[in-house]
Amino acid sequence: MLTVSNISKSYGEVRALNGINFEVDRGELFGLIGPDGAGKTSLFRIIATLLLPDSGDVSFDGHDVITDYEFVRKNVGYMPGRFSLYQDLSVKENLEFFATIFNTTVQENKHLIEDIFKQLEPFQNRRAGDLSGGMKQKLALSCALIHKPTMLLLDEPTTGVDAISRKEFWGMLQRLKKEGITIVVSTPYMDESKLCDRVALIQDGAIMDLDTPSGIVNRFDKTVYKVTGNNQYQLLSKIRTMDGVQNAYPFGSSLHVYGSPELNLSGRLDEHFPDADIQVEIIPADIEDTFMNLMTRDHE
Amino acid sequence: MKGHVLRAFVKKEFLHIFRDYRTLMVLFGMPIAQVILFGYAITTELRDVKIGVWDMSKDQKSIELISNITSSEFFALNDNVSASHEIEASFKKGRVKAFLVFPNDFGNKLERGTASIQIIADASDPNTANIITNQLTSIIQRWDMLEKSKTLRRAFIDTEVRMHYNPESKSVLLFVPGVITIILMLVSAMLTSISIAREKEMGNMEILLVSPLKPAVVIIGKILPYLMLSLVNALIIMGIGNVVFEVPVNGSFVLLLLECLLFIVVALSLGVFISTKVESQQMALMMSLFALMLPTILLSGFIFPISSMPLPLQWISHAMPPKYFIIIIKAIMLKGVGIAHIWKETLILSLMAVFFIGLSVKNYKSRLE
């Protein structure tokens, strides 16, 4: 469906993308996971025919996105990272305008956006700029879907959206996948990567790992210790200096420490912080653990 | 199929315009404010200019001449002094714009054939001072002729200056065409360039670009609404000019509208061209102000005559579309001439339109960079 081979892109001195390769199969929900500035947006723009890469090729359904950009534009739904609809037009006016410029009508492809549309209906006459973040994203998704594309490109659709709306949004993506639409989605939230069929972890313009979420986790070879206790900051600085500890990060109210299975973390910590009420637990690795470790390894 | 896409685009554009009160203010508040401003405030007409007199002779002749001058609608007597230092004081207090000084024995000297009057004008505003002294001189000379004809009954030559096309030297007759030019330039070029730059800045362009929309549809869709609104604007200004200031349209009204249309197209294509070069609304605004508005006001011959500019500036002014439009519009409105007299200017504007449209289409990018 989509083949990205050896894409590189620089802005002056800055290398945004550095030899990116991946393939997306028909009907797949493919995630690009990476922090801000990793190059996700540049990659989306190149696939969406908005930018030209310095080198490399992208082909969509057998069509080159550089030479045959009109085909790509007709068959791809692109939702930019920033809300790009008209803020001063109402929900209805936006939908109708984008339907018209994509040579279709709202009615014609209503079945695709049926359930989103129902949620938007009470706000039909509200200006897009006055919608909540979640509603804005739903409207933007409707507009991206309006011409019945075979592939959706969603650049950070859930950034700045509340947790409930994020969940709803991913629910919609699952339904669209069932309709047979190929979806490429990027997100900075690592927990969302579990909802993808396959993910590519991207950082500094390069893909660090690419597999199914469970495949990536299974390859992780360190033991994860979840540490809780008073005075997290002192705990963390101490743990980072201990022998055998490879990495340690704060994870919400606890710390995750990575190392060999024979670390005896509990005993050693009690020695140093007798009053800190420390609890250590070995937990299965998560995709977030994997990604945090991949990122540091790359920086070293 | 293309038709309804374009219609949807134009409709969307009108919605943007009518929902943004700032755009509306620029569109419709500006022309009215400008006409009123130029018509009333910035005027070079003389009316009740305050003058002072130092009459050393105080005889029948001098009193007659003074009353002759002050009975005209141009001048009003505001000060009467009897010493030279009082003149200075009067100027400094701003009581008068000019002084007439009559020497001793003015009447007798006049009988003998050589009398002189001194006119002292406040030249801190040199333009006005010039107009005042010219007007005073001409009144005095006319009175002098009349006197001579009474006493000597000799034949004399009456030089009478007539100002054609604007017989009363009404400045508003010159300002209305200028204001139409400025407004059309402003509305057309500035607002289109800003509105396209806004699509870029707000990210809307990203979606427009990935849509199957053709560049020509985007450009025409942007141009059409402003074309209509600019034409409405031109009509409003001509209407105000006609009703409030009695500015006539002596030539063909249809020709005038067609020429307006042509100039609007030039201005719009300049606006589109600017928007292809900038990324933000602010840049678009600055570019239109400095690259278009200032030259329109300063170099088009609207305020400063082109013939009195230094040569390099004259060359620049030849490249200014407004220069030609001002010539055209003055010719049609005031002289009432037809296309035969302004075909050269019309042709130049047409060529400029073709040039800038071509340039904008060439510069319109189908990608983000």
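Preceding this paragraph is the structure being described.
(A) Layout of a nonpolar patch on the surface. All names here are of chain B. A cluster of nonpolar residues, Met286, Leu289, Phe290, Leu294, Leu298, Ile303 and Phe304, forms a patch on the protein surface that exposes about 600 Å² of accessible area. Here Leu294 lies in helix α11 (residues 281-299). Looking at Leu294, the relative accessible area reads 38%, which means it is partly exposed.

(B) Examining the side chain of Lys40 of chain A more closely. Residue and element names in this part refer to chain A. Assignment of secondary structure puts Lys40 in helix α1 (residues 40-47). Polar contacts involving the side chain of Lys40 include one to the side chain of Glu156, which spans 3.0 Å. Residues in contact with Lys40, not counting those within four places in the same chain, are Leu32, Gly34, Pro35, Glu156, Ser186, Thr187 and Ile202.

(C) A look at the nonpolar core. Counting 166 residues, the largest nonpolar core has Leu2, Leu139 and Leu141 of chain A together with Ile180 of chain B as the members making the most contacts within it. A total of 17 residues in this core trace back to one element, the largest contributor, which is helix α7 (residues 171-201) of chain B. In this structure Leu2 of chain A touches Phe22, Glu23, Val24, Ile47, Val58, Ser59, Phe60, Met151 and Val184 of chain A, once residues within four positions along its chain are discounted. With 17 residues, the next largest nonpolar core counts Ile51, Leu65, Ala98 and Leu100 of chain B among its residues.

(D) Structural detail: unusual backbone geometry. All names here are of chain A. Unusually for a residue other than glycine, Asn6 sits at a positive phi of about 60°. By the element assignment, Asn6 lies in strand β1 (residues 2-11). Positive phi outside glycine occurs at Asp204, with the angle close to 50°. The residue Asp204 is located in the loop between β9 (198-203) and β10 (206-211) in this model. A residue is classified by how much of its surface remains accessible, and Asp204, at 46% relative accessible area, is partly exposed.

(E) Examining the sheet that holds β9 of chain A more closely. Residue and element names in this part refer to chain A. Pairing is mixed in the open sheet, where six strands are placed in the order β6-β7-β8-β3-β9-β10. Each edge of the open sheet is held by one strand with a lone partner, namely β6 (76-79) and β10. Strand-to-strand twist of the sheet, defined as the mean angle between neighbouring strand axes without regard to direction, takes the value 15°. Sheet analysis places strand β3 (residues 29-33) next to strand β8 (residues 182-187), joined by five bridges and oriented parallel. Pairing of Leu29 across the sheet is with Ile183, part of β8. Along the sheet, helix α5 (residues 133-145) makes contact with β6 and β7 (151-154), crossing β6 at roughly 160°. Lying over the sheet, helix α6 (residues 163-178) contacts β3, β6, β7 and β8, oriented at roughly 155° with respect to β8.

Analysis parameters
Residues numbered from 1 in each chain as written. Chains lettered and ligands numbered in written order. Predicted model: local features only at pLDDT ≥ 70, side-chain atom pairs only at ≥ 80, totals over all residues. Heavy atoms only, no water. Patch = residues over 30% accessible without salt bridge, like charges linked within 9 Å, V, L, I, M, F, W, Y side chains within 5 Å. Areas by Shrake-Rupley, 256 points an atom, 1.4 Å probe, with all protein chains shown as cover. Salt bridge = Lys/Arg side-chain N within 4 Å of Asp/Glu carboxyl O. Helix = DSSP H or I, 4+ residues; strand = E, 2+ residues; numbered from the N terminus. Buried < 20%, exposed > 50% of the residue type's maximum accessible area, 1.4 Å probe, protein only. Polar contact = N/O pair within 3.5 Å; in protein donor to acceptor, adjacent residues only side chain to side chain. Contact = heavy atoms within 4.5 Å. Core = buried A, V, L, I, M, F, W, Y, C linked by side-chain atoms within 4.5 Å. Pairing = 2+ DSSP bridges. Axes fitted to C-alpha atoms, helices over the stretch in contact; angles between N-to-C directions.

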